[in-house]
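Read off the chains here:
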Amino acid sequence: VAGYLNRIKAYAHLNAFNEVFDADAIEQAKAVDTRIKAGTAGKLAGMVIAIKDNICFKGHKVSASSKILEGFTSIYSSTIVERLLAEDAVIIGRCNCDEFAMGGANENSYYGPVKNYADETRVSGGSSGGSAVAVQAGLCHAAIGTDTGGSVRQPAAFCGVIGLKPTYGRISRHGIIAYASSFDQAGPITQSVSDAALLLDVLAGPDNYDSTAIQTPYQPQGEVKPASGKKKIAYLKEALENEGTDAEVKAMLTTNIEKLRAEGHTVEPVGFEYLEYLVPTYYILATAEASSNLARFDGVHYGYRSANATDLVSTYKLSRSEGFGKEVKRRIMLGTFVLSAGYYDAYYAKAQKVRRLIQQKTNEILEQYDFMMMPTAPEPAFKIGLEEKDPVVSYLHDIFTVQASLAGVPAISLPAGNNIKGLPLGLQLLAKQYGEKELLEFSDYFL
Ligand code: GLN
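In the annotation of an unreviewed UniProt entry, the chain is listed under the name Glutamyl-tRNA(Gln) amidotransferase subunit A and assigned to Mucilaginibacter boryungensis. Turning to the chain, the UniProt annotation filed under Function (unreviewed entry) states: "Allows the formation of correctly charged Gln-tRNA(Gln) through the transamidation of misacylated Glu-tRNA(Gln) in organisms which lack glutaminyl-tRNA synthetase. The reaction takes place in the presence of glutamine and ATP through an activated gamma-phospho-Glu-tRNA(Gln)." What UniProt records for the chain under Sequence similarities (unreviewed entry) is the sentence "Belongs to the amidase family. GatA subfamily."

Below is the structure:
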């Protein structure tokens, strides 16, 4: 822990942490040492973990990288934190992220962007950018992020580490600051497949505090055995045709297709007929849910309250106007619009139906194939500060990650080498619902 604390200090300019729990982490480590000596230590003894700053840890600040939560301290711990601590992990700090996890570059944080360790002029990806860089730069063993539409997988891809989004409901959402509740799913960001499997073993499973958590107990995977036998893999045909996809990203996919074929696996192109509806459907539903979830930040219950407020209505208006950033406001307005009386059927209800079609089609493909394969993102990490003028253009960057989110199936981003500039590229695999074990075994094969 002391070693990591020094390294975190040396790399403070990366801006990966919103807060480091210095003294607290040392205390935790001492207690774990005692249990190690007594032979009673848990499965994560010796593991130093960073958590995204939207995961509650009792007695510690949590901000979702928003001004509106400035000064707010968690009054209870998330199930994630409870389970990590019960197995003797040390939690070293809370990581920078996009405000309320809305974004894909970590540039929407009240605390500023996170720098990519591979090239400090570039973004970390997002929204779990701080978590990904903390692992990439060796500031902790592993980190926990949350993934609503790609926020564990895409920053993992940009940083050359592993990011797993489990099946929706696999890990309890209790104590995670909600963005879009029917999508939100936490996941580990790690350097190795075995660490991802170990963290999933500890975090997964039913929880009385989250009715959407999968009720069937999770069978711990234990040591990851590399997949045996020949697999059937569908690669997304459009990923190689899509004009918006970077040439080196396409080449990375092609190389993997050829490698798998050479080793006797069946790899076939499969078109996804709803591809162009993925991003619009995701953004209608996610913003609708966000507009409802973020209604609780009213200047009364949590964090920031405007000093200029004079009555109840101005408390709401001014606290929210001053407390939320631009992108969060945009999404609250968009979500409120798609839920409003005159437009509900045209947008929200329609998007729900399209989501069902996307789920069905994805499941059909995953019944015929063991895995789907595609890039995690259409391009590698881009330069900091090149914020898209048009938000729709940046939303389109999520084209490859939102399918697994809409369908609720597990997906992983694996480091797949670097481009010519030395920037990491990510390869994504999707598996059937509940198929984490198979996914991790097959992932091991790539690394
Ligand atoms: N980039 C996506 C969004 O902004 C995904 C974010 C996430 O998964 N939290 O909604």
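That covers the picture; the talk isn't over yet.
Peer 1: Can you walk me through the sheet that holds strand 8 (residues 185-190) in this structure?
Peer 2: The pairing of strands in a sheet comes from backbone hydrogen bonds and takes either a parallel or an antiparallel form. Pairing is mixed in the open sheet, where 11 strands are placed in the order 1-3-2-6-8-7-12-13-11-9-10. The open sheet has two edge strands, strand 1 (17-20) and strand 10 (266-270), and neither has a second partner. Between one strand and the next, the sheet's axes are offset by a mean angle of 30°, whatever the strand orientation. Pairing of strand 12 (residues 411-418) with strand 13 (residues 424-430), which is carried by six bridges, proceeds in the antiparallel orientation. Note on strand 13: the bridge partner recorded for A411 is L430.

Peer 1: Would you explain the site of the ligand in this entry?
Peer 2: Contacts to the ligand come from 13 residues, most closely from A101, G104, T148, G149 and S151. Among the residues forming the shell around the ligand, the class breakdown is four nonpolar, seven polar and two charged.

Peer 1: When you look at unusual backbone geometry in this model, what are you seeing that I'm missing?
Peer 2: Backbone phi values are negative for most residues with the exception of glycine, while trans is the configuration of most peptide bonds. Between G126 and S127 the backbone carries a cis peptide bond, its omega angle lying at 10°. If you trace the backbone, S127 turns up in the loop between strand 5 (119-123) and helix 4 (129-136). You will see that N15, though not glycine, has its phi angle at about 65°, which is positive. Here N15 falls in the buried class, since 20 other C-beta atoms lie within 10 Å of it.

Peer 1: Whenever I open this one, the UniProt feature "active site" (unreviewed entry) in the chain confuses me. Can you help?
Peer 2: Mapped onto this numbering, the UniProt entry annotates "active site" (unreviewed entry) at K52, S127 and S151. The greatest C-alpha distance among the residues just named is 10.7 Å, despite their covering 100 residues of sequence, which places them together in space. As for its placement among the helices and strands, K52 is situated in strand 2 (residues 48-52). For K52, the contacting residues outside a window of four places in its chain are C95, C97, S128, S131, I144, G145 and T146. Not counting residues up to four positions away in its chain, the partners in contact with S127 are C97, D98, A101, M102, G103, G104, N106 and S151.

Peer 1: How should the packing of helix 9 (residues 275-293) against helix 11 (residues 326-339) be read in this particular structure?
Peer 2: When two helices pack together, you describe them by how their axes are tilted relative to each other and by the distance separating the axes. Direction vectors running N to C along helix 9 and helix 11 enclose 100°, while the axes themselves pass 7 Å from each other. When the axes of helix 9 and helix 11 are compared, the pair comes out roughly perpendicular. Where helix 9 approaches helix 11, its residues I284, T287, A288, A290 and S291 are matched on the opposing element by R331, I332, L334, G335, T336, V338 and L339. Split by residue class, the contact of helix 9 with helix 11 holds seven nonpolar, four polar and one charged.

Peer 1: I tried to follow the packing of helix 6 (residues 193-203) against helix 15 (residues 436-446) on my own but got confused; where do I start?
Peer 2: Two elements in contact, helix 6 and helix 15, have axes whose closest approach is 9 Å; the angle formed by their N-to-C orientations is 165°. Classed by the angle they form, the pair helix 6 and helix 15 counts as roughly antiparallel. By crossing handedness, the relation of helix 6 to helix 15 is classed as left-handed. In contact with V193, A196, A197 and L200 of helix 6, helix 15 contributes E436, L440, S443 and D444. When grouped by side-chain class, the residues that make up the contact of helix 6 with helix 15 number five nonpolar, one polar and two charged.

Here is what the cut-offs are and how they apply
- Residues numbered from 1 in each chain as written.
- Predicted model: local features only at pLDDT ≥ 70, side-chain atom pairs only at ≥ 80, totals over all residues.
- UniProt positions renumbered as here; feature names shortened; annotations may be inferred.
- Pairing = 2+ DSSP bridges.
- Helix = DSSP H or I, 4+ residues; strand = E, 2+ residues; numbered from the N terminus.
- Axes fitted to C-alpha atoms, helices over the stretch in contact; angles between N-to-C directions.
- Near = placed C-beta within 6 Å.
- Nonpolar A, V, L, I, M, F, W, Y, C, P; charged D, E, K, R; others polar.
- Buried ≥ 20, exposed ≤ 12 C-beta atoms within 10 Å, placed from the backbone.
- Contact = placed C-beta atoms within 7 Å.
- Parallel < 35°, antiparallel > 145°, perpendicular 65-115°, else oblique.
- Left-handed = near helix turned anticlockwise from the far one by under 90°.

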